[in-house]
Amino acid sequence: MFIKSALKQLLGRRGLLWVRRLRARRFPISKPYRNLLRRMKALEIGGPSDLLGFAGALPIYSCFESVDNTNYAAQTLWHSDAVKFRRTLVCEGTKLQVDEATYDCVIASHCLEHIANPIKALLEWKRVLRQRGLLLLILPH
């Protein structure tokens, strides 16, 4: 912890992110995903995820034209400045307050396994996707 705070003091927040980025193991699929997602309008369920951020293994946030976020509370313990969401919707992942076919991409990183009715959630996420939209799920194992 001391080393991290010393590095942050020395390099600043942005410099620390660059160090983390150099240390991160990138997924080989990262570049094709970034090309596919370029200029899409995305909705993230939960999040933000460090995995998808600038220093993460699959850095895709910067590709999107805009990213909206859903969360079950306006303020959470893990809220981060890593991603500047266009807007945050306070709602449950199975009851999105969004019109049909609004987004090109829906992202859910490590949250589907925490939803009581995952089939209902998947159907709801499909509802807000445009035709030929992309559902990007990151799940454990």
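By convention here, each chain's residues receive numbers from 1 onward along its written sequence. Owing to the predicted nature of the model, reporting of local features is limited to residues with pLDDT of at least 70; listing and counting of side-chain atom pairs is limited to 80 or more, with chain, interface and lining totals taken over all residues. Heavy atoms from the whole structure form the basis of all side-chain values; hydrogens and water molecules are not counted.

**A word on the packing of aromatic side chains**
The criterion, for reference: Aromatic contacts are taken between Phe, Tyr and Trp rings whose centres are within 6.5 Å, Trp giving its six-membered ring; a plane angle under 30 degrees counts as stacked, one over 60 as edge-to-face, and the others as tilted. Geometrically, a charge over a ring is one whose NZ (Lys) or CZ (Arg) sits within 6 Å of the ring centre while staying within 35 degrees of the ring normal.
Within this structure, the stated rule accounts for zero aromatic pairs. For the cation-ring pair, K41 lies above Y103, with the distance from its terminal atom to the ring centre recorded as 5.4 Å.

**As for helix α3 (residues 118–128)**
Keep this limit in mind: For every residue, the accessible area obtained with a 1.4 Å probe (protein chains only) is divided by the maximum for its type, and the residue is called buried under 20%, exposed over 50%, and partly exposed between those limits. Only runs of H or I of at least four residues qualify as helices and only runs of E of at least two qualify as strands under DSSP, and these elements are numbered from the N terminus. Summarising the geometry, the arc corresponds to the directions from the helix axis toward the C-beta atoms. We call two residues contacting when some pair of their heavy atoms lies within 4.5 Å.
Within α3 the residues assigned to the buried category are A121, E124, W125 and V128. Buried residues of α3 fall within an arc of 100° about the axis and therefore sit on the same side. Summarising the geometry of α3, the exposed residues directed more than 90 degrees from the buried face are I119, L123 and K126. Turning to α3, the residues buried within the fold contact β1 (41–45), β4 (103–109) and β5 (129–138).

**Quick look at the nonpolar core**
What counts, and what does not: Side-chain atoms within 4.5 Å link the members of a nonpolar core, which is a set of buried Ala, Val, Leu, Ile, Met, Phe, Trp, Tyr and Cys residues.
Formed by 16 residues in total, the largest nonpolar core has its most connected members in L43, I45, L96, V98, V106, W125 and V128. Mapped by element, the contributors of at least two residues to this core are β1, β4 and α3. Listed in part, the 14 residues of the second largest apolar core include F64, C105, I107 and I138.

**With respect to the sheet that holds strand β2 (residues 66–71)**
Whether parallel or antiparallel, the strands of a sheet pair through hydrogen bonds between backbone atoms. Which entries qualify depends on this criterion: By the convention used here, strands pair only if DSSP detects at least 2 bridges between them. Axis geometry follows a simple rule: fit a line to the C-alpha atoms, using only the stretch in contact for helices, then measure angles between N-to-C directions, giving values from 0 to 180 degrees.
Across the sheet, five strands lie side by side as β3-β2-β1-β4-β5; this open sheet has parallel pairing. Each end of this open sheet is capped by a strand with a single partner; those strands are β3 (88–90) and β5. In this sheet, adjacent strand axes meet at a mean angle of 20° when their direction is disregarded. Summarising the sheet, β1 and β2 pair through five bridges and their orientation is parallel.

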